[in-house]
Amino acid sequence: MTRSLTVLATGPLTTVQDGGRPGQGALGVGRAGACDRAAARLANRLVGNDPDAAVLEVTLGGLVLRADADLVVTTTGARCSDAHNAPTALPAGRELRLGLPATGLRTYVAVRGEVAVEPVLGSRSTDLLSGLGPPVLSRGDVLTVGDPAGPMPGVDLAPVPDPPGGEVTVRVLPGPRADWFAEEAVRALTGTPWTVTDESNRIGLRLSGAALERTRTGELASEGMVRGALQVPPSGQPVLFLADAPVTGGYPVIGYVDDGDVDRCGQLRPGQTLRFRGALS
Amino acid sequence: MRVLPSGSTALLVELDDLDAVLGLYAALTAEPIEGVLDVVPAARTVLLVTDPAVTTLAAVVQAVRRTRPRPGRREGGELVELPVVYDGADLGDVAALLGVTAEEVVRRHTGTEWTVAFCGFAPGFGYLTPDGEAWDVPRRDSPRTRVPPGSVALAGEFSGVYPRESPGGWQLLGRTDVAVFDVDRDPAALLRPGVRVRFVDAGS
């Protein structure tokens, strides 16, 4: 009998994500993949999957799944289930219900054997910018579960902290066009708080704060960028790009969030404040 | 060559012109640098995305400085022919902008060989640069909310083919039935950097 999960509710947004599509930028294909890569990898390891196997990325909880066979599941990231950071048996007919996380934005659901939807260009990730990959989950979807890749890890619980609420500080590094900005703008980036606005999504966090003024005017020919880029459009309000970042952009990138800190940015909710620590020159 | 920082995992190499970009990209794909996951050419730059588990940014800077550019175009690379029905909504406007007849626009567009310089905007959207005379056509004053897939268009110094329906501000010359991007085909993108393109007038 086919092992599968039936989607009874999706919450605001649930997508399938894996390690994404590296190496296809020259074709205009972005990387995508989990917004909080560390949480997705942890979820996979807890159920004995390959670290970059396909998981569900659940935005603000609300997902309900029913097991159609005896399965093993776990959740990581934003805490909102009884199976959090712990491999948990989900017998046939039982439901995994995600509530509303107290902190954090994205919860990852891994199932032993991974979510085996059809890959597109070598990945099962949904890219909300380009539209590539499997469709966003809908109620009634039946997700096939693959065969386990490796043994169970022999771990009952992963002691990792929950994503914090309130203010979060991340490290920032120079971007290619830091010299297009006034010194005051560079100081404002690291010296003032930034609020995550509700126009944020998997593509990026739209931040609100001091207007970052350019000293150099004129057009920038579009150039390549990756997750973590802090791009400054004419409004002066930066966008911090996340998993579904475009491959190229035409506005100057003043800085980059250190790659080791970008995952934490993927857990920020609208209204939370973000501070940048570091030097841009 | 200027190497600009792009955070903890990437580097942006800035070059003098598009030919230098094509040359460096051709060299980096022919002889890949170890630990470089992705090479993304653009109009004046090449982005190198590294795998920090395999290499360091300093090692990649050294390797890219040692790389000898190759002739990126006018080589015996793959040639794609795209049949085009030249009935685009902006053909008349483009002719007027250039001060020639619509027939002359078609003659020039089909009479030159194009090279895909880089992709962007959408998966499989190639920016094509002419081997002959340069073009200079402004974008439309107001972009269309809906450009049909297969539309063959011009903007600035480039020509391109819309892989799928999308908004767009390029001037539309015509349409092709050839799918320039198909996820079920390998390779999915027909118009990859370095590929040469010839447009053929398919009549109406």
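Predicted, not measured: the structure shown is a model, and the values here were computed from it.

About the cut-offs
- Starting afresh in each chain, residues are numbered from 1 along the sequence in its written order.
- Labels are handed out in written order, letters beginning with A for the chains and numbers beginning with 1 for the ligands.
- Owing to the predicted nature of the model, reporting of local features is limited to residues with pLDDT of at least 70; listing and counting of side-chain atom pairs is limited to 80 or more, with chain, interface and lining totals taken over all residues.
- Here the contact rule is simple: place C-beta atoms from the backbone, and any two residues whose C-beta atoms are within 7 Å are in contact.
- Helix and strand labels come from DSSP, where a helix needs a run of H or I of at least four residues and a strand needs a run of E of at least two; each type is numbered from the N terminus.
- Two strands are counted as paired when DSSP detects at least two bridges linking them.
- Throughout, an axis means a line fitted to C-alpha atoms (over the contacting stretch in the case of helices), and angles, computed between N-to-C directions, take values from 0 to 180 degrees.
- In this document the domain limits rely on a domain assignment from an automatic tool or a database.
- Polar here means any residue other than Ala, Val, Leu, Ile, Met, Phe, Trp, Tyr, Cys and Pro, which are nonpolar, and Asp, Glu, Lys and Arg, which are charged; Gly is therefore polar.

A few words now on the interface of chain B and chain A. Accessible area lost on assembly of the parts is the figure often given for the size of an interface. Contact with chain B, which involves 31 residues of that partner, is made by 27 residues of chain A. Those elements that provide at least two residues to the side of chain B that touches chain A are strand E1 (2-6), strand E2 (10-14), strand E3 (36-41) and strand E4 (45-50) of chain B. For the side of chain B that touches chain A, the element with the highest residue contribution is E3(B), accounting for five residues.

Moving on, we come to the sheet that holds strand E6 (residues 88-90) of chain A. All names here are of chain A. Here five strands make up an open sheet; going across it, the order is E2-E3-E8-E5-E6 and the pairing antiparallel. With partners counted over all chains shown, the strands left at the sheet margins are strand E2 (13-17) and E6, one partner each. For this sheet, the mean inter-axis angle between neighbouring strands, taken without regard to orientation, is 30°. Here helix H1 (residues 37-46) sits on the sheet and contacts E2, strand E3 (55-59), strand E5 (71-77) and strand E8 (106-111); the angle it forms with E5, its principal contact strand, is near 155°.

A few words on the sheet that holds strand E4 (residues 63-67) of chain A. All names here are of chain A. Spatially, E7-E4-E1-E9 is the arrangement adopted by the four strands of the open sheet, whose pairing is antiparallel. Each edge of the open sheet carries a strand with a single partner, namely strand E7 (95-97) and strand E9 (142-144). On average, adjacent strands in this sheet sit at an angle of 25° to one another, irrespective of strand direction. As judged from the five bridges shared by strand E1 (residues 4-10) and E4, these two strands associate in the antiparallel manner. By the bridge assignment, Ala9 is partnered in E4 with Val64.

So, on to the domain arrangement of chain B. All names here are of chain B. As far as domains go, chain B holds domain 1 (2-66) and domain 2 (79-201). Each of domain 1 and domain 2 has a C-alpha centre, and these two points are 28 Å apart. Residue-level contacts link seven residues of domain 1 with six residues of domain 2. A total of five residues in the side of domain 1 that touches domain 2 trace back to one element, the largest contributor, which is helix H1 (residues 18-30). Residue composition of the side of domain 1 that touches domain 2, grouped by class: seven nonpolar, no polar and no charged.

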